[in-house]
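Single-letter residue listing:
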Amino acid sequence: MAIDFPDVRFRGTLRPSQAEAISVIEQQLNSGKKRLHIVAPPGSGKTVLGLYLWAQHVRRPALVLSPNSAIQSQWAARTDLFHSPVDTRQFVTTDSEQNALLTSLTYQSVTLPRQGDSEVEEAALEYWIELLIAREQAQDPLEAFTWIADLKQHNPDYYEKRFRTYRKTVRDQLVLSGNALDLLHVSSQETLTQLKSRGVGLIIFDECHHLMGHWGRVLADAHDFLEQPVIIGLTATPPDEKGKLQEDIDRYHDFFGPIDYEVPIPAVVKDGYLAPYQDLAYFVRPATEELTYIANTDDQLQQIMETLCSEKVATPLISDTDEPDDTSLVPQERVEPLPEWLLSILQNLELPSGKVDDWTTFERRDPSLADAARLFLQQRGLELPSHVPPLEITNIDEEIPRLNYWGPVLDRYIRHRLRRSPASEDQELATQTVDQLRLLGLQITETGSQPCASPVGRVIAYSRSKIQALIPVLQAEMQNLGDTIRAVVIADFEKTSATSAEVEHLLDEEAGGAIAAFKELVRDPETDKLNPVLLTGSSVLVDDDIGELLQTTAEQWLADRKIEVTLSLQPYDGFHVLNGSGSQWSPRVYVEMITDLFQQGLTCCLVGTRGLLGEGWDANKINVLVDLTTVTTSMTVNQLRGRSFRLDPDIPTKVANNWDIVCIAPEFTKGLDDYERFIKKHKRLFGVTDDGLIEKGVGHVHAAFTEIKPEGLEGSVQLLNSDMLTRASKRDDSRALWRIGEPYQGLPLKTIELNNGGRAGGGGGFPPFSGIRQPWSSHSLTKAVSQAVLAALQETHLISSNSRMQVGERSGNYIRVFLDQAPEVDCDRFLEAVQQVFGPLQGARYVIPRVVHEIEDTWISSLLPDLLGRYFRKRQEQLAMVHAVPAELARNKQLVSVFEKHWNQYVSPGEACFAYRGKGAELLEHAQRSGLSPHAKIHRKEIFV
């Protein structure tokens, strides 16, 4: 049906990232595509992007759906950037009953379920009855029905709570079977009917990651009902699929299709439309009593492990006779110790499913046990069977969390040996071990092992030390920013709640929550000057210093908006509770109100929960964000961090500091739980590094932060925290590193970072070429080796000759290497080759020596001034290291000779030798015996340039 669409014109200017997105999506629309999927960060202008596509390209009546009323209103407000010849009320509306070209509604308004539906009620009751019988809580339907009726009469609240759950389950099942629209409330059905009569030709799903459940099920059917208009899905991040039904996951991907365009955050910052930021971390140790609990739990596991690894003896069992004699003592043989059992199954290649023929099959059938068993045995200094290849893992205890390789070993030993033992002592030992592992977050069941909630991990996550760390962080930021500071502290919940029995003596109901953070801030004389205010779904707590002023200002705010609410203040232990009465008092009202007062500076610090200060909440003056949450999904993390990226028109040079408070105790089994959460939070986040590149992952916070554990963190926490506080004060330096306004490539690139550990594989000695008077440094050596690799790969046509190498220095003696303007396959091949040269020699087909010149004074040079004496010093050649020839260049002698030529040109004279026999085998053995085998710390990264 052709519709006469008015001449709607955009009165603004598209940002570069918006213009690029438009050009891509325009091609998709012109090719007939009707399902578009766009990922864009908060503050990047995706609202304008959606409106522009509607007004300039689709040009049909449109429906915008949003997850809440705040975002719904933002869509209507942004239409002021468009000129239209039609009346405003005909142009845009947030009222489903009003006819307009653009209708902005919430998801709830078109997906509201029907209440009191007899079909659903009867099905929910039947489902409950069937569940009671299946769980053997009732013998037949009559007994189950009688029990439910009695519950309804004597405990109506609990009855309704349970029935609501079963009602939802039944409704979801009906929706999944294709009855979504029939089960909608009459108001939602009427809304959809009205929209269909208006000829809706476009639906914009904002924050479309929400459509992985009920809303998605309904709207898939609604899309068909509206005759399949064009779809634009907008989100800051793709949804988290964990725990979702496969039907919902498949529907989402089918509904929106693959991502058509993603706006990277660095691009929007570099274009000047989001504020630059730096990610910082402050590390704390658990409080004394918390540390004692963690240590005791660890000691108990260690004791159990030593018991499992100790020699067992035959233990007699007493018979059931009243007076046992010698014949009643029946010896029950105990199982062999854990190491002996592991060696046996590796020797015999025995898996629970049966014996296999070779190690390759064993490793393929149970890779986790294959690796964990070898690590466990090697860590204890036990020799593996000859047919089992050892793992070349150095510093096992330091590099790999102990439970990572204890878990698979204990899981198999408990399930397949201890529990099958006839000895009651073995069975009891299995129970004790399972109970202890549960405290550390590993649950062993009859069928396997899986992660579970860990009381120890909970103590670390909600440690009192993390709340106390707010003080030094915010005091430093107050000193940096003065009166312009606008800080936000975000916690998971108002109160922790559901504290497990094992740790209730350590964690009270407020531990780690927003209320605990607020109280800490108002107790400290310095941070109390921020006049903190707490916002949660049920509470508004106000610093007593501004209680009366805030009430007066808030009353004026309400009056200006004709909101009929009566406010009152209730004094309480150093702060006030702000109460509101009246039908219009709600979280939506008081969050908006307090946010406006925060923007004005009446309070300079908001404390809240991620549910309230997350999606759709906006305060562009935030310049300090402290994340106390335990959330790690990229969707929620991006929403939280996106709060601080907004530009502040009053402070054009704004730079936001985003802080994580991380509690660590690396010496204990679960002591890096909080650090692992920290890693996951940053896994998909880009941030600026000290060498001016934009890097994805935890390394952009500090070069020492890796995917396993922070290198060298033990004993250096104070230095690291001092460095972070210093960086926090250097906002201008951080802003300069972003290079706002400069050209950029706009695509993520892969890179590696190497830390050669000083002379033992890095700098030291002089390049063995005449005329060079500067010794090797980590940077110059890495550059020379990488240049040799690049030249060899290019000459052999394994990568493009146009590839350009970049080498840069980072703090902590890290050297970054990557290819610029190169295809991804070339980058991968080059980086893998460089990594192999600086990596262990195990498995190398060819090896090549690297020599250096060592310089000694002679009797003549010692008599002359340094400027002249250096010409008379003696140079002596010395073997510094033996390196592997990269596998790609070690496949045949011709390739090896090319690498050798460039090695000799850039790095060192030396002959590449076959490592399996003769001179090469001798060189390899000498290198391993003499410590001349490189073991650089190498990290794979992704950067944006």
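Residues numbered from 1 in each chain as written. Predicted model: local features only at pLDDT ≥ 70, side-chain atom pairs only at ≥ 80, totals over all residues. Heavy atoms only, no water.

> Explain helix H11 (residues 246–256) to me, please; I cannot follow it from the model alone.
Side chains of residues three or four places apart in an α-helix project in the same direction, reflecting 3.6 residues per turn. Every buried residue belonging to H11 is among Asp248, Ile249, Tyr252, Phe255 and Phe256, and all of these are buried. Across the axial projection of H11, the buried residues extend over an arc of 135°, all falling on one side. Positive phi appears at Gly257, one or two residues downstream of H11, with a value of about 75°. (Buried < 20%, exposed > 50% of the residue type's maximum accessible area, 1.4 Å probe, protein only. Helix = DSSP H or I, 4+ residues; strand = E, 2+ residues; numbered from the N terminus. Arc of directions from axis to C-beta.)

> Help me understand the packing of aromatic side chains, please; the structure alone is not making it clear to me.
What describes a pair of aromatic rings is the distance from one ring centre to the other and the angle between the planes of the rings. Tallied over the full model, the rule gives 33 aromatic pairs. Residues Phe10 and Phe82 carry aromatic rings whose centres are separated by 5.1 Å and whose planes lie at 45° to one another, so their mutual orientation is tilted. Here Phe10, found in strand E1 (residues 9–10), pairs with Phe82, found in strand E4 (residues 82–83); they are 72 residues apart in sequence, far enough to count as distant. Summarising the aromatic geometry, the rings of Phe283 and Tyr675 are spaced 6.4 Å apart at their centres and angled 35° between planes, so their arrangement reads as tilted. On the criterion of sequence distance, the pair formed by Phe283 in strand E10 (residues 277–284) and Tyr675 in helix H27 (residues 673–682) is long-range, its members being 392 residues apart. Put simply, the rings of Tyr107, Phe205, Trp215, Tyr252, Phe255 and Phe256 touch in pairs and so form one group of aromatic residues. Positioned over the ring face of Phe225 is Lys196, at 4.6 Å from the centre of the ring. (Phe/Tyr/Trp six-rings, centres within 6.5 Å; stacked < 30°, edge-to-face > 60°. Lys NZ or Arg CZ within 6 Å of the ring centre and 35° of its normal.)

> Is there a simple way to think about the side chain of Thr603 in this case?
Looking at the element boundaries, Thr603 is found in the loop between helix H25 (587–600) and strand E22 (605–609). Note on Thr603: relative accessible area 0%, which makes it buried. A distance of 3.1 Å separates a polar atom in the side chain of Thr603 from the backbone oxygen of Cys605. Residues within four places of Thr603 in sequence aside, it is in contact with Arg486, Leu530, Asn531, Pro532, Val533, Ile546, Leu597 and Phe598. (Polar contact = N/O pair within 3.5 Å; in protein donor to acceptor, adjacent residues only side chain to side chain. Contact = heavy atoms within 4.5 Å.)

> Just to check I follow, could you spell out the packing of helix H22 (residues 470–481) against helix H23 (residues 514–523) for this structure?
The relative placement of two packed helices comes down to the angle between their axes together with the axis-to-axis distance. Taken N-terminus to C-terminus, the directions of H22 and H23 make an angle of 55°; their axes are 10 Å apart at the nearest point. As summarised for this structure, H22 and H23 are arranged oblique, according to the angle between their axes. As H22 packs across H23, the resulting crossing turns out to be right-handed. Touching Leu470, Ile471 and Leu474 of H22 are Ala517, Glu520 and Leu521, all from H23. Grouping the constituent residues of the contact of H22 with H23 by class yields 5 nonpolar, no polar and 1 charged. (Axes fitted to C-alpha atoms, helices over the stretch in contact; angles between N-to-C directions. Parallel < 35°, antiparallel > 145°, perpendicular 65-115°, else oblique. Left-handed = near helix turned anticlockwise from the far one by under 90°. Nonpolar A, V, L, I, M, F, W, Y, C, P; charged D, E, K, R; others polar.)

> How should I be thinking about the environment of Arg415 in this particular structure?
Tracing the backbone shows Arg415 in helix H18 (residues 402–418). Residues Arg415 and Gly448, 33 residues apart in the sequence, show an inter-C-alpha distance of 7.8 Å. If sequence neighbours within four positions are ignored, Arg415 has contacts with Arg420, Ile444, Thr445, Glu446, Thr447 and Gly448. Side-chain polar atoms of Arg415 contact the side chain of Asp411, separated by 2.7 Å.

> Would you take a moment to explain empty space enclosed by the protein for this structure?
Empty space among the atoms becomes visible once a probe the size of a water molecule is rolled across them. Summed over the entire model, instances satisfying the criterion amount to 4 cavities of 30 Å³ or more. For the largest cavity, the calculated volume is near 60 Å³. In terms of lining, the largest cavity is formed by Lys466, Asp627, Leu628, Thr629, Thr630, Asp660, Ile661, Val662, Asp674, Arg677, Phe678 and Lys681. For the lining of the largest cavity, the secondary structure elements donating two or more residues are strand E24 (656–663) and H27. Top contributing element to the lining of the largest cavity by residue count: H27, with 4 residues. Residues that form the lining of the largest cavity fall into these classes: 4 nonpolar, 2 polar and 6 charged. (1 Å grid on protein atoms, 1.4 Å probe; cavity = no way out; pocket = protein on both sides within 12 Å on 5 of 7 lines; lining within 4 Å. Points joined across faces, edges and corners; volume = space filled by probe spheres on them.)

> What exactly am I supposed to notice about unusual backbone geometry here?
Excluding glycine, residues mostly carry a negative phi; peptide bonds, for their part, are mostly trans. For Gln228, which is not a glycine, the phi torsion comes out positive at approximately 50°. Given a relative accessible area of 39%, Gln228 falls into the partly exposed group.

> Got a minute to help me understand the nonpolar core in this structure?
For soluble globular proteins, the rule of thumb is that nonpolar side chains tend to be buried together. Formed by 101 residues in total, the largest nonpolar core has its most connected members in Phe283, Leu338, Leu342, Phe376 and Phe705. With 9 residues, helix H13 (residues 288–309) is the largest single contributor of residues to this core. Ignoring any residue separated from it by four or fewer positions in sequence, one finds Leu342 in contact with Leu369, Ala373, Phe376, Leu377 and Val409. The next biggest cluster of nonpolar side chains, apart from the first, holds 49 residues, and it includes Phe10, Leu51, Phe82 and Leu102. (Core = buried A, V, L, I, M, F, W, Y, C linked by side-chain atoms within 4.5 Å.)

> How do you make sense of a negative patch on the surface when you look at a structure like this?
Together, Glu241, Glu247, Asp250 and Asp254 line one region of the surface with negative charge. Mapped onto the fold, Glu247 is located in helix H11. Glu247 sits in the partly exposed class, given a relative accessible area of 45%. (Patch = residues over 30% accessible without salt bridge, like charges linked within 9 Å, V, L, I, M, F, W, Y side chains within 5 Å. Areas by Shrake-Rupley, 256 points an atom, 1.4 Å probe, with all protein chains shown as cover. Salt bridge = Lys/Arg side-chain N within 4 Å of Asp/Glu carboxyl O. Lys, Arg positive; Asp, Glu negative; His and termini not counted. Charge placed at Lys NZ, Arg CZ, Asp CG, Glu CD.)

> Can you help me understand the sheet that holds strand E27 (residues 748–755) in this one?
Backbone hydrogen bonds hold the strands of a sheet together, and the pairing may be parallel or antiparallel. Taken in spatial order, the 6 strands of this open sheet run E25-E26-E33-E27-E29-E28, and their pairing is antiparallel. Single-partner strands in this sheet number two, and they are strand E25 (686–688) and strand E28 (804–810). When strand polarity is set aside, the average angle formed by the axes of neighbouring strands in this sheet is 35°. Note that strand E26 (residues 694–696) and strand E33 (residues 937–944) share 3 bridges and pair antiparallel. Opposite Lys696, over in E33, you have Glu942 as the bridge partner. Helix H30 (residues 778–795) contacts E27, E28 and strand E29 (814–820) of the sheet and is inclined by roughly 160° relative to E28. (Pairing = 2+ DSSP bridges.)

> Quick question: what am I supposed to make of the confidence of the model for the protein here?
Scored by pLDDT, the protein comes out at a mean of 85, with 89% of its residues at no less than 70. Within the protein, no element has a lower average pLDDT than strand E11 (residues 315–317), which sits at 44, and none a higher one than H22, at 97. Residue range residues 313–322 is modelled with pLDDT below 50. Its contacts to residues more than four positions away, or to other chains, number 22 contacts. Throughout residues 324–329 the model reports pLDDT below 50, and contacts reaching past four residues in sequence, or to other chains, amount to 9 contacts. (pLDDT = per-residue confidence, 0-100.)

> Just checking my understanding: could you explain the pattern of salt bridges for this structure?
Where charged atoms from two side chains of opposite charge come close, those side chains can pair. One pass over the structure, following the stated rule, counts 48 salt bridges. In this structure, Glu695 engages Lys941 in a salt bridge whose closest nitrogen and oxygen atoms are separated by 3.0 Å. Placement of Glu695 in strand E26 and of Lys941 in strand E33 is noted, with a sequence separation of 246 residues between them. For the pair Glu695 and Lys941, one class covers both residues: buried.

> Would you mind showing me how to read the state of the cysteines here?
In a disulfide, the sulfur atoms of two cysteines are covalently bonded to one another. Taken as a whole and assessed by the stated rule, the structure comprises 0 disulfides. Free cysteine Cys604: the closest other cysteine sulfur is in Cys605, separated by 8.6 Å. For Cys604, a relative accessible area of 12% corresponds to the buried category. Residue Cys605 is classed as buried on the basis of its relative accessible area of 0%. (Disulfide = S-S within 2.5 Å.)

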